Structure formats: structure tokens, C-alpha cells
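Reading the structure
Chain by chain, the residues:
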Amino acid sequence: QQVLIYPNPVRDALKISISTSTAADYAVEIVNVSGQVVFRQSLRVQNTGTVHYARQANLQKGVYIVRVKNLTANTTEIRKLLFE
């Protein structure tokens, strides 16, 4: 699987693109430095899937973590994300 997160740093909107060779269920989370999940979405990906996140007005600037969990294969990818 391949996970692309762009743009990074983020001002207003974020896209998380997942490409996979086999169909799988995913959970995508954005987590703040305190460990609170500020966004969560589940999706089924056949070949490619994209999660669109529009930044909420109350989301503070700073470093966040993006967790992309492949629920079918029980794997997790973690990326750093900066909101400006």
C-alpha cells in the first residue's frame, strides 16, 4: 500500500490518498499532540481511495499525527502533519 498526504504543511484542506493492490478496509485519524483524535473516517479501498479533510476553524496551528490503519491487514502507517 502507498499513503500520500498533501499538502504538508496544511492551511485549509488536506487530502490523504491510499493506493493498494488488494481491497481493504481503512480507518484514517488525525491526532493532536495530546493524543485526542480530532478527525476520524473509515473507508473501503479497492485500488485507490482519497480522504478529504477541510480544516475546522477551531483547529489550532501545530504538529499533528495522521494514522492510516489497514483494518484488513492489521497494519498502521503514521505520518507527521503541520497545520499552519
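Within each chain, residues carry numbers counting from 1 in the order of the written sequence. Predicted model: local features are reported for residues with pLDDT of at least 70 only, side-chain atom pairs are reported and counted for 80 or more only, and whole-chain, interface and lining totals are derived from all residues. To get the side-chain values, take all heavy atoms of the structure and skip hydrogens and water.

1. Overview of the pattern of salt bridges
Only one rule defines a salt bridge in this text: a Lys or Arg side-chain nitrogen within 4 Å of an Asp or Glu carboxyl oxygen. A complete count under the given rule lists six salt bridges for this structure. Arg44 serves as the salt-bridge partner of Asp25, at 3.3 Å between the closest nitrogen and oxygen. With a gap of 19 residues between them, Asp25 in strand S3 (residues 24-31) and Arg44 in strand S4 (residues 37-45) connect regions that are remote in the sequence. For Asp25, a relative accessible area of 33% translates into the label partly exposed. Through salt bridges with shared partners, one network takes in Glu29, Arg40, Arg67 and Lys69. Under the scheme used here, helices are H or I runs from DSSP no shorter than 4 residues and strands are E runs no shorter than 2 residues, and both carry numbers assigned from the N terminus. When accessible area is computed with a 1.4 Å probe and restricted to protein chains, residues below 20% of their type maximum are described as buried, those above 50% as exposed, and intermediate ones as partly exposed.

2. Focus on the sheet that holds S4
The pairing criterion for strands is at least two bridges between them, as found by DSSP. Strand order in the open sheet made by the four strands is S4-S3-S6-S7, with antiparallel pairing throughout. For this open sheet the edge positions go to S4 and strand S7 (75-83), each flanked by a neighbour on one side alone. Each strand of the sheet is rotated relative to its neighbour by a mean of 15°, with strand direction disregarded. Taken together, the nine bridges between strand S6 (residues 62-70) and S7 define a ladder with antiparallel strand orientation. Among the inter-strand pairings, Val66 is bridged to a residue of S7, identified as Arg79. As a rule, the C-alpha atoms of each element are fitted with a line to give its axis, helices using only the stretch in contact, and angles between N-to-C directions run from 0 to 180 degrees.

3. With respect to the packing of aromatic side chains
Centre distance within 6.5 Å is the pairing criterion for rings of Phe, Tyr and Trp, where only the six-membered ring of Trp is used; planes under 30 degrees apart are then read as stacked, over 60 as edge-to-face, and the remainder as tilted. Evaluated as defined, the whole model comprises three aromatic pairs. Taking the centre distance of 5.1 Å and the plane angle of 90° together, the rings of Tyr64 and Phe83 count as edge-to-face. One end of the pair, Tyr64, is in strand S6; the other, Phe83, is in strand S7, with 19 residues separating them in the sequence. Note on accessibility: Tyr64 and Phe83 belong to one class, buried. The structure contains a cluster of three or more aromatic residues connected by ring pairs, namely Phe39, Tyr53, Tyr64 and Phe83.

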